[in-house]
Amino acid sequence: MGIQSFKAAGWKALALLALSSLLAGCGINTIPTLDEQVKAAWSQVQNQYQRRSDLIPNLVETVKGAAKQEQATLTAVIEARAKATSIQVDASTLNNPEKLKQFQDAQNQLTGALSRLMVVSERYPDLKSNQNFLALQSQLEGTENRISVARRDFILAVERYNTEIRTFPGRLWHAVMYSDLPVRSTFEATTPDADKAPEVKF
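Residues numbered from 1 in each chain as written. Predicted model: local features only at pLDDT ≥ 70, side-chain atom pairs only at ≥ 80, totals over all residues. Heavy atoms only, no water.

A.B. asks: Residues and numbers for the environment of Q137, please.
C.D. replies: One can find Q137 in helix α6 (residues 131-166). Taking the relative accessible area as the measure of exposure, Q137 reaches 10% and is therefore buried. Put simply, Q137 and L59 are 78 residues apart on the chain and 7.8 Å apart in space, counted from C-alpha to C-alpha. (Helix = DSSP H or I, 4+ residues; strand = E, 2+ residues; numbered from the N terminus. Buried < 20%, exposed > 50% of the residue type's maximum accessible area, 1.4 Å probe, protein only.)

Here it is in C-alpha cells:
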C-alpha cells in the first residue's frame, strides 16, 4: 500500500510539473510581465523628469546673475517647475488617463518655459561665455534626449502590453485571470504644432 501511494504521489507531482510547464509556455505570465515592464518604463520617464527638475534651480540662479532684467522668463520657469513637481504621480497614474494627461501638460509647459529661457542666452554675451551656464545647458540638452528615449521606451512597453491583452491568446488570459488590468494610455503630443520641428536658437 505504501509503494502504491508513493507511485500515485509521484504521478501527481509529474502531472503538476507538466501542467505548470504547459501553462508557463502558453503565456499565462506574459500579461503581468508586460505590465511590470510598463511600470518600469514609466518609472524611468519620471526619473528623467526629476533629473531635469533638479537641474533647473542651478540654471535659474546662473541666468539671474547675468540677465537680471529677464525676471518674467525666470518666473515662468520657476512656476512651470513648481506646477510640474506638484502633480503627484505613481504607478496608479497609468490607470488614470486624465491624470496622465495632466502630468504631460505640466511637463510640456516646463519644456516650453525652458526653451524660452535658453533663447535668452543669445542676448547676453556674458551668459553665453559663462562656464556654469554652458555646463547646465549641456546637461539639460542631454536630459531632454534622455526624456525622449524614456518616453519612447514607455510607448513601446505600453504598445506590447496593450497588444497582448487585445490579441489571442493574451485576450483569453486577460479575461480569465487578469481582468483587473486595464488597457494603458500612452503619451500623446499635446503641445500645439508638435508635429512641426521646433526652431531652437542658442
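So much for the structure itself; the text now carries on.
A.B. asks: Mind laying out the layout of surface pockets, listing which residues take part and the relevant values?
C.D. replies: Space inside the second largest pocket adds up to approximately 190 Å³. What lines the second largest pocket is simply Q46, Y49, Q50, S53, A84, T85, I87, Q88, V89, F103, Q107 and L110. Looking at the lining of the second largest pocket, the elements that each hand over two or more residues are α2 (30-66), α3 (71-86) and α4 (97-120). Top contributing element to the lining of the second largest pocket by residue count: α2, with four residues. For the lining of the second largest pocket, the class distribution of residues is six nonpolar, six polar and no charged. (1 Å grid on protein atoms, 1.4 Å probe; cavity = no way out; pocket = protein on both sides within 12 Å on 5 of 7 lines; lining within 4 Å. Points joined across faces, edges and corners; volume = space filled by probe spheres on them. Nonpolar A, V, L, I, M, F, W, Y, C, P; charged D, E, K, R; others polar.)

A.B. asks: Could you give an account of the nonpolar core, with specific residues and numbers?
C.D. replies: Within the largest apolar cluster, 46 residues are counted, with the highest numbers of intra-cluster contacts made by W42, L59, L114 and F154. Contributing elements (two or more residues each) for this core: α2, α3, α4 and α6. Looking at this core element by element, the count peaks at twelve residues for α2. Those residues within four positions of W42 in sequence are excluded, and the remaining contacts are V89, D90, T93, L94, L100, F103, F154 and F187. (Core = buried A, V, L, I, M, F, W, Y, C linked by side-chain atoms within 4.5 Å. Contact = heavy atoms within 4.5 Å.)

A.B. asks: Talk me through α3; I want residue IDs and the actual numbers.
C.D. replies: Between its first and last C-alpha atoms α3 spans 22 Å; for 16 residues at 1.5 Å apiece the expected length is 22 Å, and the two agree. Along α3, the residues classified as buried are T73, L74, V77, A80 and A84. Buried residues of α3 fall within an arc of 130° about the axis and therefore sit on the same side. Exposed and oriented more than 90 degrees from the buried face of α3 are A72 and E79. (Expected span 1.5 Å × (residues − 1). Arc of directions from axis to C-beta.)

A.B. asks: Describe the side chain of Q107, listing the residues and the values that go with them.
C.D. replies: Following the sequence through the fold, Q107 ends up in helix α4. Classification of Q107 by relative accessible area gives buried; the value is 5%. Within the structure, Q107 has its side chain in polar contact with the side chain of R52 (distance 2.6 Å). Those residues in contact with Q107, other than ones at most four positions away along the chain, are Y49, R52 and A84. (Polar contact = N/O pair within 3.5 Å; in protein donor to acceptor, adjacent residues only side chain to side chain.)

A.B. asks: Could you give me a rundown of α2, with the residues and numbers involved?
C.D. replies: Taking 1.5 Å as the rise per residue, α2 with 37 residues should run 54 Å; its terminal C-alpha atoms sit 55 Å apart, in good agreement. Of all the bends found along α2, the most pronounced is centred on I56 and spans about 30°, while P57, a proline, follows it within four residues. (Bend = angle between axes of the 7 residues up to and from the residue.)

A.B. asks: Before we move on, could you go through the packing of aromatic side chains and cite the residues and values that matter?
C.D. replies: Evaluated as defined, the whole model comprises three aromatic pairs. Arranged with centres 5.4 Å apart and planes meeting at 65°, the rings of W42 and F103 form a pair that is edge-to-face. Pair noted here: W42 is in helix α2 and F103 is in helix α4, with a separation of 61 residues, a long-range link. When sorted by exposure, W42 lands in the same class as F103, which is buried. Both rings, one in Y49 and one in F103, keep their centres 5.5 Å apart while their planes meet at 75°; by these two values the pair is edge-to-face. Of this pair, Y49 sits in helix α2 while F103 sits in helix α4, and the two are 54 residues apart along the sequence. Each member of the pair, Y49 as well as F103, is classed as buried. Feature note: the residues W42, Y49, F103 and F154 constitute an aromatic cluster, connected by ring pairs. The ring centre of Y161 lies 5.5 Å from the NZ or CZ of R184, which sits over that ring. (Phe/Tyr/Trp six-rings, centres within 6.5 Å; stacked < 30°, edge-to-face > 60°. Lys NZ or Arg CZ within 6 Å of the ring centre and 35° of its normal.)

Scope: geometric values only; no functional claims are made or implied.
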